[in-house]
Amino acid sequence: MAYDVGVVGAGFGGLAAAAELSKQGKNVIVFEASNELGGSAGKYERNGYRFQSGATVGMGFEEGGVFDTLFKSLQLQKPPMTLLNPIMDIHMPDRTIHYYREKKEWYQEIERNFPESASSIQAFYDEVFYVGQLVDQLLDRVPVFPPKTPTDWTRLVSMVNPTSVRLLPYLNQTVYDRLKKYHLHEHELFRIFLNGELMDSVQTSVEYCPAFLGYAALQTFHKGAYAVHGGLATVAEQLADYVKSCGNEVLLRYPIHHIEKKHGHFHLHSKRNSIFEVEKLVLNHSVHNLPDTLSEDLMKQSYIHPEKENNREAWGAFIIHAGVDERVFQHTDVSYHQFIAPDHPDDLHDGGQFLLSLSAPEDIRMAPEGKRSLTISTHTDVKQWWDADDYEQKKEEMKDRLIDTVEHYFPGFKEGLDIVLPGTPVTFQKWLRRRDGKVGGYAPTGRYSWLNSYSIRSGIKDVYLCGDTVFPGAGTLGVTLSGLMAARELLR
Ligand SMILES: Cc1cc2nc3c(=O)[nH]c(=O)nc-3n(C[C@H](O)[C@H](O)[C@H](O)COP(=O)(O)OP(=O)(O)OC[C@H]3O[C@@H](n4cnc5c(N)ncnc54)[C@H](O)[C@@H]3O)c2cc1C
């Protein structure tokens, strides 16, 4: 028997697609190579702690947000979560900025930290909120972008209206271009702050970030950032349970090694020579990995050119999972901390800036009593991690650099650490099969780089893509949208 749809990968993209297809009555089977659901936003457990594999900040759960809407349509209860306000504290060499969610509090904080330029920065943020909301209105219509078929073009053209026209000036400028308008492009402190936020959300800095993308990401923080209890993996588990409740299958530890088309069906080869037949496919293992699984013939039919793809810029992540004594952070209610290294405030990766996320104190699933589970992550250049000779030494050095920076801002941190588990791009390749350890999709490289996105259309009939390497890109919110887009196009 052939299944209606096979989904490869149980990341947020694949699970969202599988849930939507299940809701519409399709006979779906999901294959996940690892032992866990949620991929880069999953979890693993060790020594009484639950560690989040990558993503820690939940977004899109506010009323009308992507997850709120999805959960309502599936008639699921949202998991317990803590709304973050401040969203995070940003520790800079000479100050700590409290990044408030509420506009009024945030504008007061701007006045406190940037007194001479406060009105310009607030005017810049007015623009961020205005444009971010225009982008939301367009994304609500779940367009297929970049358009590939006449139908995609027709639908895109039908979206030309007063809202989309107002977006035009932000489609061909970078955030840096917009900063110039407010005479903020040479404001070093504000630029360092903004780069920190953009790296975390869009994987790039003001100079390279298309304005509308950067604005959409910045305003998303203010709509609501959440610590989901049990980690974002809880959401992945709920989506997988939903798929199963519809009579469908979610198979863990079922890597798909090879996909070919035979007699009108796709044949998926998995462990112990098992072969599954499906009529249509949603591929959630990233575009980086397609040449590893698709047959030569299918690869030739796709829009993806492996060599060009391989040359596109993508970051890796260096990560530390650890347990820590709750007393180390007893003087702050804030659970998310961004650190700007005192020695290199302009380095945006490899420890120059990084995020530390603590489990919410009330979230007892994450850590033994008296402890908190934490994740530290920094962007890293993937190439440097594949030389076996100095791998262990490099890993140790990076781990120490990150821990020393936290110790600088929170004395006693080192001593309060319990278990410490560092991970590199090699780890991401090993556990999540991210080729070369690339995570987080493609980093934008300039004002028009968004035009080079891959769409959910693979170019192969009946094969759809979703996840952080296709439009609208990385983040649990973005990949969920691409999963829903893929499912809806498949159903059309
Ligand atoms: C360190 C880090 C921090 C982040 N922080 C945040 C954050 O705070 N908030 C946020 O929203 N986002 C964050 N992100 C981004 C977010 O985690 C990702 O964009 C998103 O989770 C990617 O989802 P995906 O659907 O593209 O697939 P992935 O998460 O990559 O999942 C793909 C799945 O496919 C499986 N797979 C691969 N190959 C095969 C195969 N051949 N057969 C079967 N299964 C296969 C993998 O095991 C994996 O489970 C972060 C990412 C990282 C790396």
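Provided above is the structure to which this section pertains.
Residues numbered from 1 in each chain as written. Predicted model: local features only at pLDDT ≥ 70, side-chain atom pairs only at ≥ 80, totals over all residues. Heavy atoms only, no water.

(A) Representation of the packing of aromatic side chains. Applying the stated criterion across every chain, the model contains 31 aromatic pairs. Ring geometry for F212 versus W450: centroids 5.1 Å apart, planes at 80°, classification edge-to-face. Within this pair, whereas F212 is found in helix α9 (residues 211-223), its partner W450 is found in the loop between α16 (425-432) and β19 (463-465), the two being separated by 238 residues in sequence. Residue classification places W450 among the buried residues on the basis of a relative accessible area of 14%. Each ring, one from F339 and one from Y409, has its centre 5.5 Å from the other, and the planes form 45°; the classification is tilted. One end of the pair, F339, is in strand β15 (residues 336-340); the other, Y409, is in helix α14 (residues 391-409), with 70 residues separating them in the sequence. For F339, a relative accessible area of 0% puts it in the buried group. (Phe/Tyr/Trp six-rings, centres within 6.5 Å; stacked < 30°, edge-to-face > 60°. Helix = DSSP H or I, 4+ residues; strand = E, 2+ residues; numbered from the N terminus. Buried < 20%, exposed > 50% of the residue type's maximum accessible area, 1.4 Å probe, protein only.)

(B) Focus on the environment of S357. Checked against the element boundaries, S357 lands in strand β16 (residues 353-358). The exposure class assigned to S357 is buried, which follows from its relative accessible area of 4%. Note: C-alpha distance between S357 and S205 (152 residues apart in sequence) is 21 Å. Beyond its immediate stretch of four places on either side in the chain, S357 contacts T56, S335, Y336, S373, L374 and T375. Polar side-chain contacts of S357 include one of 2.8 Å to the side chain of T56. (Contact = heavy atoms within 4.5 Å. Polar contact = N/O pair within 3.5 Å; in protein donor to acceptor, adjacent residues only side chain to side chain.)

(C) Geometry of a nonpolar patch on the surface. The grouping of W153, V157, V160, V165 and L168 at the surface amounts to a nonpolar patch, some 510 Å² of accessible area in total. Secondary structure elements with two or more residues in the nonpolar patch: α5 (150-158) and α6 (162-171). Relative to the elements of secondary structure, V157 occurs in helix α5. We classify V157 as exposed; its relative accessible area is 55%. (Patch = residues over 30% accessible without salt bridge, like charges linked within 9 Å, V, L, I, M, F, W, Y side chains within 5 Å. Areas by Shrake-Rupley, 256 points an atom, 1.4 Å probe, with all protein chains shown as cover. Salt bridge = Lys/Arg side-chain N within 4 Å of Asp/Glu carboxyl O.)

(D) Broad picture of the site of the ligand. In the vicinity of the ligand there are 35 residues, among which E32, S40, N284, R434 and T476 approach most closely. At 2.9 Å from an oxygen atom of the ligand is found a main-chain nitrogen or oxygen belonging to G13. With respect to the ligand, the side chain of E32 contributes an N or O atom lying 2.6 Å from an oxygen atom. Out of a free accessible area of 1000 Å², the ligand has 92% covered by protein chains. Counting only elements with at least two residues in the shell around the ligand, the list comes to α1 (12-23) and α17 (476-491). Across the shell around the ligand, the residue classes tally to 16 nonpolar, 15 polar and 4 charged. Two domains each put at least three residues into the shell around the ligand: domain 1 (3-43 + 62-81 + 230-311 + 444-491) and domain 3 (314-436). (Near = heavy atom within 4 Å. Nonpolar A, V, L, I, M, F, W, Y, C, P; charged D, E, K, R; others polar. Domains from an automatic or database assignment.)

(E) Representation of the sheet that holds strand β5 (residues 58-59) within the structure. Across the sheet, which stays open at both edges, the 3 strands sit in the order β5-β9-β6 with antiparallel pairing between neighbours. Two strands lie at the open edges of the sheet, namely β5 and β6 (81-83), each paired on one side alone. As paired elements, β6 and strand β9 (residues 225-228) share 3 bridges and run antiparallel to each other. Note on β9: the bridge partner recorded for M81 is V228. (Pairing = 2+ DSSP bridges.)

(F) The pattern of salt bridges, seen in detail. A complete count under the given rule lists 27 salt bridges for this structure. In this structure, R101 engages E102 in a salt bridge whose closest nitrogen and oxygen atoms are separated by 3.1 Å. Using a relative accessible area of 39% as the deciding quantity, one classes E102 as partly exposed. Here R178 and E127 are joined by a salt bridge, their closest N and O atoms 2.8 Å apart. Placement of R178 in helix α7 (residues 175-181) and of E127 in helix α4 (residues 118-139) is noted, with a sequence separation of 51 residues between them. Judged by relative accessible area, which is 9%, R178 ranks as buried. For E127, a relative accessible area of 6% puts it in the buried group. Three or more residues joined by partner-sharing salt bridges are found here, namely E36, K43, E45, R50 and E237.

(G) Quick look at unusual backbone geometry. The omega torsion of the bond from N85 to P86 falls at -5°, within 30 degrees of zero and hence cis. Turning to its location among the elements, P86 is positioned in the loop between β6 and β7 (88-92). Along the chain, F145 connects to P146 via a cis peptide bond; the corresponding omega equals -15°. Among the structural elements, P146 can be located in the loop between α4 and α5. Despite not being glycine, H183 has its phi angle at roughly 55°, a positive value. Within the fold, H183 resides in the loop between α7 and α8 (188-202). At N273, a position not held by glycine, the phi torsion is positive, near 60°. Mapped onto the elements, N273 comes out in the loop between β12 (265-269) and β13 (275-283).

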